[in-house]
Amino acid sequence: MYAAPQDPAREELMWICNAWYVAAWTHEIEPGRIQARTVIDQPLALYRSSTGGIVALEDRCCHRFAPLSLGRLEGDDLRCMYHGLKFAPDGRCIEIPGQKLIPQSACVRRYPAEVRGSWVWVWMGEPAQADAAKIPTTIALDDAGWRLKSGQLDYDAHYLLIDDNLLDLSHLSFVHEKTIGMDMPQWADLRPRMTPLERGLRFQRWHTDHPPRGFMKKLGERLDVWTAYDFLFPGVFLQRTGFYPPGTAEQSGGQAPAVEPLFHRLDEQAVTPMAERRSRYFYAAGARSGDLDAENLERLYAVTERAFHEDKTLIEAQQKLIDREPERRMLPTSLDAGPTQFRKMVEGLMSAAP
Amino acid sequence: MYAAPQDPAREELMWICNAWYVAAWTHEIEPGRIQARTVIDQPLALYRSSTGGIVALEDRCCHRFAPLSLGRLEGDDLRCMYHGLKFAPDGRCIEIPGQKLIPQSACVRRYPAEVRGSWVWVWMGEPAQADAAKIPTTIALDDAGWRLKSGQLDYDAHYLLIDDNLLDLSHLSFVHEKTIGMDMPQWADLRPRMTPLERGLRFQRWHTDHPPRGFMKKLGERLDVWTAYDFLFPGVFLQRTGFYPPGTAEQSGGQAPAVEPLFHRLDEQAVTPMAERRSRYFYAAGARSGDLDAENLERLYAVTERAFHEDKTLIEAQQKLIDREPERRMLPTSLDAGPTQFRKMVEGLMSAAP
Amino acid sequence: MYAAPQDPAREELMWICNAWYVAAWTHEIEPGRIQARTVIDQPLALYRSSTGGIVALEDRCCHRFAPLSLGRLEGDDLRCMYHGLKFAPDGRCIEIPGQKLIPQSACVRRYPAEVRGSWVWVWMGEPAQADAAKIPTTIALDDAGWRLKSGQLDYDAHYLLIDDNLLDLSHLSFVHEKTIGMDMPQWADLRPRMTPLERGLRFQRWHTDHPPRGFMKKLGERLDVWTAYDFLFPGVFLQRTGFYPPGTAEQSGGQAPAVEPLFHRLDEQAVTPMAERRSRYFYAAGARSGDLDAENLERLYAVTERAFHEDKTLIEAQQKLIDREPERRMLPTSLDAGPTQFRKMVEGLMSAAP
């Protein structure tokens, strides 16, 4: 799946269209400007309509295939600036210079687009099947209850390799031994509880006897840490981490804690496939407003971003090694429960595709 | 035709060999130096012979395929500087170091080459069919009657996409709305008269009520403008633009004017395919010597060159979108008369190829 | 063979595995660090064991294909720093975090590796067939009898094109007319004596009446020069050049001289294929310690390295011209005896491959 395709037909079968993908941060789509983005190999032109909603059109004029993102906004319409064809927000061509008749076939594809939290989501499949209620719930960057910082990173790698990474946090002990893994070296030894979700998996675990570092030291010498995240197709990672006084894990009987944590960290991330070997990784990290001041947010974010570059170095190298011998089989281990189950689900979605 | 080839055989059929192509500006071929150029995927070594003519040889020694353009001129002969084989201007090998017998097969291809105006033209097909009389007539850069400035630009695009652009000037209203199109916004609405030529098309039109800008204002508040250009295979664009007092268009009955213009602009351009997705665009712009001083030539040239970069941005983006889905069909409109007819002619030339 | 492969199967047949290749200079493999190298398209992780020997493992963890060269040395073992699998120097996996059973299939390939002279040699075929006695004998950079300087250069070219170059020194008269060929213009006219070796060829010749230049002038106004080199698969070039008083060639009857030279130059080089169009060229140049002080070594080395860049420019251009038309046939000449015979031997090795 993440190996080089043997033939073009296989490549066509590669993408799951009937899904919501994160195309951009909402703050990237400024009024009056058109942004070009690529999602599952489809070029998109995104802009904000006068009502504040997001318009997502195919970024390719139907006339001579010039990119509409190089065009001009005229109210809520978009004019191609090669030969002047004009399109309404629903994709219909409404003007051809010097020509009165506009054929019905004169249109570009329109993609359903929604803002939820701080992300712009686009539905890449049949518009009729787009159900905005299925978009994962996330915390917006400007939510008063939280103090968050966001960033993004492009990968030269198939999105499922990044998903694999996020579906098996045992790698924190190794890839991130000097950054986000250093406080909890037992990531690799303790397997999380895994629960199936619709189009995803939930992971939960307690780490006990954790020695906090830096500004977290004020919470105590040792802490119990509850980590829980949902991972949803195509690569949405929504994690809450609660830091508790020692003993909380035992009191909770290994289950989710019923009490409020001393410190409540939030990580929200989304992986978006742009092309077969190109993916965008959106992320926000932070904690409850009361748990973290602006200076400590910078500290927390800096180490997090350094960790993401560690992942990128490793995953891009892994992709190159996979592409050397696409047919070679990986060795299954007990570490792979999450990635394996998620891949099975993705394969199910692909074979269910129209 | 401008889409990615499906198989190598198709690529071989891609080029029209029996045609004259602009390989270089004459001033680029300095005495005593060898220049490497590529025309329709053929590597050429160009140099000036002692009689001042241009020699164009295949830029690949027949021995071990070293480029002759890295070789050494010895009089009118060219020695390969890998193992020392020496070639006469007609392509015959005339020396192999340490070997007396030179086989008949020891030769490189010789291409007919001619200087006309300020361009070096090469004939890429059968030498016997090269007819120098068929080379389009152009004004040399140093012609006393004209004040011209030249430049060139390389495109990552198929040459026919650049031809399309030059065959439909309606794009001036959009691509060039802030440069060369701004004075005459009606480019898109008024269709030119189109006349077939041998291996080309002629376009003629009047624009009336044109408000001149900049140094052209001295000609009057409003002008009639007669634009006429011939467009010839592979992409030779020879345009004259005459600026006239208001009323001249009407007096001419919409036909070519019989009188001298107030200002006579000249544009001569040539598109040369280098490879399937690589083309060189040669251009000269200016006016009659008496119409333009050196300072205003710089102004005229600067805006023209800015416009050519606008074309390049758009056409290279268009090429990428075409290559994403080579089989996708463009929407025909009434704007496409020129490109469509020219393409038909090119297809005719290709199917007539030996 | 050096042309672009027509199909993947052909590419697989491209490499000769049962051979020793130079993977690195010994000084590149520092204790405690892992070096990534690629030999015949195989990724290698090289490190020094506690006994000083070189360990060469497949640079790809069997679990998820992360590169082991991004891993961590733990004593003589190597831990993958993606999910923590640990490997012994023989390639066996000896630890999987959080998992007790280690399947037999958990291993990476181990390559026999040897230090000889200043090069690290790896055997890319069946370990059982690796015979260290077959590694060519070379002079180490720190050998007290010699004063040498080393360097390396990467080529975007098939290794056999570089071999061709080294197998026919007639090119010195042309490629290197201004560097190492300038003293002996007769390289192209006098053919050397060629003798077959196991997996190689020996070349020997006298140049007489040689006018030395620079610091070599102190040896005499004219010299006889004896050049002898062995060229061994895959591209090992071991050359001795002796400078003698005039008349020595004649006294030796055209055979190898029995007496000590006035000046004894040494050139040792190795070409290693990394990928189909990527090769590494290792080289050392110098002379007997007594013949050369440090300053003159710098002079000798500088002109030598300039010559190697001349080769690189030419060979990379040649490779591009070959790839334009892979099926085109080269013109055989009497210059090609060395390359032709060596290629025949290589084809024999390839057809003999398992």
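Sequence order as written defines the numbering, with residues in each chain counted from 1. Labels follow written order: the first chain is A, the first ligand is 1, and so on. Local features are withheld for residues below a pLDDT of 70 in this predicted model, meaning they are given only at 70 or higher, and side-chain atom pairs are given and counted only at 80 or more; totals for whole chains, interfaces and linings count all residues. Values shown for side chains rest on all heavy atoms present in the structure; no hydrogens or waters enter the calculation.

Caption draft 1: Geometry of the sheet that holds strand β7 (residues 86-87) of chain B. All names here are of chain B. Whether two strands pair comes down to DSSP finding at least two bridges between them. Only DSSP runs of H or I with at least four residues qualify as helices, and only runs of E with at least two residues qualify as strands; both kinds are numbered from the N terminus onward. Strand order in the open sheet formed by four strands is β5-β6-β7-β8, and the pairing between neighbours is antiparallel. This sheet does not close on itself; its edge strands, each paired only once, are β5 (72-74) and β8 (93-95). Here β5 pairs with strand β6 (residues 77-79) via three bridges, running antiparallel. Pairing of Arg72 across the sheet is with Arg79, part of β6.

Caption draft 2: View of the relation of the copies chain A and chain B. Superposing copies: least-squares fit, C-alpha atoms only, residues required to have pLDDT of at least 70 in both. For the match of chain A to chain B, the screw axis carries a shift of 0.0 Å, the RMSD comes to 0.0 Å, and the turn is 120 degrees. Such values leave the two copies arranged in the relation of a three-fold axis.

Caption draft 3: View of the nonpolar core. Buried Ala, Val, Leu, Ile, Met, Phe, Trp, Tyr and Cys residues form a nonpolar core when they are joined through side-chain atoms within 4.5 Å. Remark: exposure states derive from per-residue accessible area (1.4 Å probe, protein chains only) relative to the maximum for the residue type, with buried under 20%, exposed over 50%, and partly exposed in between. Counting 87 residues, the largest nonpolar core has Tyr21, Leu46, Val122, Phe233 and Phe263 of chain A together with Leu85 and Phe87 of chain C as the members making the most contacts within it. The greatest single-element share of this core, amounting to eight residues, is contributed by helix α4 (residues 294-324) of chain A. Residue contacts are counted whenever heavy atoms from the two residues lie within 4.5 Å of one another. Apart from the residues within four sequence positions on either side, Tyr21 of chain A is in contact with Ile16, Val39, Ile40, Val120, Trp121, Val122, Met124, Phe233, Pro234, Thr272 and Pro273 of chain A. Grouped together as the second largest cluster of nonpolar side chains are 86 residues, Ala157, Val175, Leu321 and Phe342 of chain C included.

Caption draft 4: Local environment of the interface of chain A and chain B. In this complex, chain A contributes 28 residues to the contact, which on the side of chain B involves 31 residues. Here the buried area means the combined drop in accessible surface, using a 1.4 Å probe, for two parts upon being joined, counting both sides. Note on chain A versus chain B: buried area summed over both sides is about 2,500 Å², and carbon and sulfur give 59% of it. By the criterion of area lost to chain B, the three top residues of chain A are Arg64, Phe65 and Tyr82 of chain A, representing 33% of everything that side buries. Here, a salt bridge means any side-chain nitrogen of Lys or Arg that lies within 4 Å of a carboxyl oxygen of Asp or Glu. When the shortest N-O distance is used, the salt bridge between Arg60 of chain A and Glu325 of chain B registers 3.2 Å. As used in this structure description, the phrase polar contact means that two N or O atoms lie within 3.5 Å; if the pair is within protein, one of them must be able to donate a hydrogen and the other to accept it, and residues adjacent in sequence are counted only when both atoms belong to side chains. At the boundary of chain A and chain B, one finds 16 residue pairs in polar contact (both at pLDDT 80 or more). Each residue gets one of three labels, nonpolar for Ala, Val, Leu, Ile, Met, Phe, Trp, Tyr, Cys and Pro, charged for Asp, Glu, Lys and Arg, and polar for the others, Gly among them. The class makeup of the residues in the side of chain A that touches chain B is 13 nonpolar, eight polar and seven charged.

Caption draft 5: Here's a closer look at unusual backbone geometry. Residues and elements named next belong to chain B. Phe233 connects to Pro234 through a cis peptide bond whose omega is 0 degrees. Turning to its location among the elements, Pro234 is positioned in the loop between β15 (223-232) and β16 (236-244). A positive phi is found at Arg199, a non-glycine position, where the angle reads about 55 degrees. If you trace the backbone, Arg199 turns up in the loop between β13 (193-197) and β14 (200-210). Positioned with a positive phi, Asp209 is a non-glycine residue whose angle comes to about 60 degrees. Summarising the element assignment, Asp209 is placed in strand β14.

Caption draft 6: Looking closely at the sheet that holds strand β18 (residues 278-288) of chain B. Residue and element names in this part refer to chain B. Strand order in the open sheet formed by seven strands is β12-β18-β17-β16-β15-β14-β13, and the pairing between neighbours is antiparallel. If you trace the sheet from one side to the other, it starts and ends with β12 (146-155) and β13, each paired once. Averaged over all adjacent pairs, the angle separating strand axes in this sheet is 15 degrees, with direction ignored. When β12 meets β18, the two strands line up antiparallel, connected through 10 bridges. The residue bridging Leu153 from the neighbouring strand is Tyr281, located in β18. Note on definitions: angles span 0 to 180 degrees between N-to-C directions of axes, and those axes are lines fitted to C-alpha atoms, for helices only across the stretch in contact. Together, β13, β14 and β15 form the strand contacts of helix α5 (residues 337-351), whose direction differs from that of β14 by roughly 170 degrees.

Caption draft 7: Structural detail: the pairing of strand β18 (residues 278-288) of chain A. Residue and element names in this part refer to chain A. Burial analysis of β18 places 10 of its 11 residues in the buried class, the great majority of the element. Direction of pairing for strand β17 (residues 263-275) relative to β18: antiparallel, over a ladder of 10 bridges. Across the sheet, residue Ala270 finds its bridge partner in β18, namely Phe282.

Caption draft 8: Representation of the interface of chain B and chain C in the model. Across the boundary between the two partners, chain B contributes 28 residues, which contact 31 residues of chain C. Here chain B packs against chain C, burying approximately 2,500 Å² in sum over the two surfaces, 58% of which is carbon and sulfur. Considering only the side of chain B, the residues that lose the most area to chain C are Arg64, Phe65 and Tyr82 of chain B, jointly responsible for 32% of the buried surface there. Scanning the region where chain B abuts chain C turns up five salt bridges. In this structure, Arg72 of chain B and Glu177 of chain C form a salt bridge, with 2.5 Å as the shortest nitrogen-oxygen distance. The interface formed by chain B and chain C holds 16 residue pairs in polar contact (both at pLDDT 80 or more) in total. Here the residues of the side of chain B that touches chain C are counted per class, giving 13 nonpolar, eight polar and seven charged.

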